[in-house]
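# Coordinates in review
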Amino acid sequence: MHSELVASRSADQRDSSRESRNGTPQLDAVSLAIIQQLQEDGRRPYAAIGKAVGLSEAAVRQRVQKLLDQGVMQIVAVTDPLTVGFRRQAMVGINVEGDVESIADALTGMSEVEYVVMTAGSFDILAEIVCEDDDHLLDVINKRIRALPGVRSTESFVYLKLKKQTYMWGTR
């Protein structure tokens, strides 16, 4: 058992520590298999994951911690906003004059904003907003987002029905 842990430790350091050319961690097949197991069930025991991927429970625990520390993944509970009192969701396209990064940083600080991405195309930034109702959404867009210095324009896309939401892209 001790030698298995030492071997998996050195394999971990050798295989999953490398970075690609763009500075992101380069994941080996075992790390991808662990991520897939956790995407299927974020509460799956490390022993069960180890059995599925061919590692000891301790080696899986170590790999998972490393993936968390590197920011490769996070383990969270995903809720349906409707069931917890948030009745309005929208994607907001934002056009910016000047520094896009400062606007993106300001958006990430707003509790209603769940997702912020800087883009190339029709909008400089896309932000997903989750609100209690239409009045709350209007307040966030009109009084907070449009009030940010450098925001030139916004376009809102109110969600009518969510058809698909997946978190499985990490193992394709």
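Look a little higher up for the structure.
Keep in mind that what you see is a predicted model, and the values were worked out from it rather than measured. (Residues numbered from 1 in each chain as written. Predicted model: local features only at pLDDT ≥ 70, side-chain atom pairs only at ≥ 80, totals over all residues. Heavy atoms only, no water.)

## Here we look at the nonpolar core
Ile-94, Ile-103, Leu-107, Ile-125, Ile-129 and Ile-145 are the most contacted members of the largest nonpolar core, which totals 19 residues. Among residues more than four places away in sequence, those in contact with Ile-125 are Val-92, Gly-93, Ile-94, Val-96, Val-100, Ile-103, Ala-104, Leu-107, Val-116, Val-117, Met-118 and Thr-119. In terms of nonpolar packing, the next biggest core, distinct from the first, is built from 11 residues, Ile-49, Val-60, Val-64 and Met-73 among them. (Core = buried A, V, L, I, M, F, W, Y, C linked by side-chain atoms within 4.5 Å. Buried < 20%, exposed > 50% of the residue type's maximum accessible area, 1.4 Å probe, protein only. Contact = heavy atoms within 4.5 Å.)

## Observations concerning the side chain of Gln-37
Position of Gln-37 among the secondary structure elements: in helix α2 (residues 29-40). Dropping the residues within four chain positions of it, Gln-37 is found in contact with Arg-44, Ile-49, Ala-52 and Val-53. (Helix = DSSP H or I, 4+ residues; strand = E, 2+ residues; numbered from the N terminus.)

## Side note on helix α6 (residues 134-145)
Between the first and last C-alpha of α6 there are 15 Å, a value that for 12 residues agrees with the 16 Å anticipated at 1.5 Å per step. Taken together, the buried positions of α6 are His-136, Leu-137, Val-140, Ile-141 and Ile-145. All buried residues of α6 lie within an arc of 130 degrees about the axis, which places them on one face of the element. For α6, exposure combined with an orientation more than 90 degrees from the buried face picks out Asp-135, Leu-138 and Lys-143. Looking at where α6 begins, the residue whose side-chain oxygen comes 3.2 Å from the main-chain nitrogen of Asp-135 is Asp-133. (Expected span 1.5 Å × (residues − 1). Arc of directions from axis to C-beta. Polar contact = N/O pair within 3.5 Å; in protein donor to acceptor, adjacent residues only side chain to side chain.)

## A look at the packing of α2 against helix α4 (residues 57-69)
Between α2 and α4, the least distance of the axes is 11 Å, while the angle of their chain directions is 85 degrees. Taken together, α2 and α4 sit at an angle that is classed as roughly perpendicular. Together, Val-30, Ser-31, Ile-34, Ile-35 and Leu-38 of α2 and Arg-63, Val-64 and Leu-67 of α4 make up the contact between the two elements. Among the residues making up the contact of α2 with α4, the classes are represented as six nonpolar, one polar and one charged. (Axes fitted to C-alpha atoms, helices over the stretch in contact; angles between N-to-C directions. Parallel < 35°, antiparallel > 145°, perpendicular 65-115°, else oblique. Nonpolar A, V, L, I, M, F, W, Y, C, P; charged D, E, K, R; others polar.)

## Some remarks on the packing of aromatic side chains
Inspection of the entire model under this criterion finds one aromatic pair. Aromatic pair Phe-123 and Phe-157: ring centres 6.2 Å apart, planes at 85 degrees, arrangement edge-to-face. With Phe-123 in the loop between β2 (113-118) and β3 (125-131) and Phe-157 in strand β4 (residues 151-158), the pair connects residues that are 34 residues apart, well separated along the chain. By relative accessible area, which is 14% here, Phe-123 ends up buried. (Phe/Tyr/Trp six-rings, centres within 6.5 Å; stacked < 30°, edge-to-face > 60°.)

## Overview of the sheet that holds β4
Taken together, the four strands give an open sheet; going across it, the order is β2-β3-β1-β4, and neighbouring strands pair in antiparallel fashion. The open sheet terminates on both sides in strands that have one partner only, identified here as β2 and β4. The mean inter-strand angle of the sheet, taken between neighbouring strand axes irrespective of direction, is 20 degrees. Relative to β3, strand β1 (residues 88-96) runs antiparallel, the two sharing seven bridges. By the bridge assignment for β3, Arg-88 is matched with Cys-131. The strands touched by helix α5 (residues 100-108) are β1, β2, β3 and β4; relative to β2, the strand with the most contacts, the crossing angle is about 165 degrees. Contacts from α6 reach β1, β3 and β4 within the one sheet, and its direction differs from that of β3 by about 140 degrees. (Pairing = 2+ DSSP bridges.)

## Comments concerning the packing of α2 against helix α3 (residues 46-53)
Running from amino to carboxyl end, α2 crosses α3 at an angle of 135 degrees, the nearest separation of the two axes being 10 Å. The angle between the axes of α2 and α3 places the two elements in the oblique class. The element α2 and its partner α3 pack so that their crossing is right-handed. Across from Val-30, Ala-33, Ile-34, Gln-37 and Leu-38 in α2, the residues of α3 making contact are Ile-49, Ala-52 and Val-53. (Left-handed = near helix turned anticlockwise from the far one by under 90°.)

What is shown is where atoms sit, not what they do.
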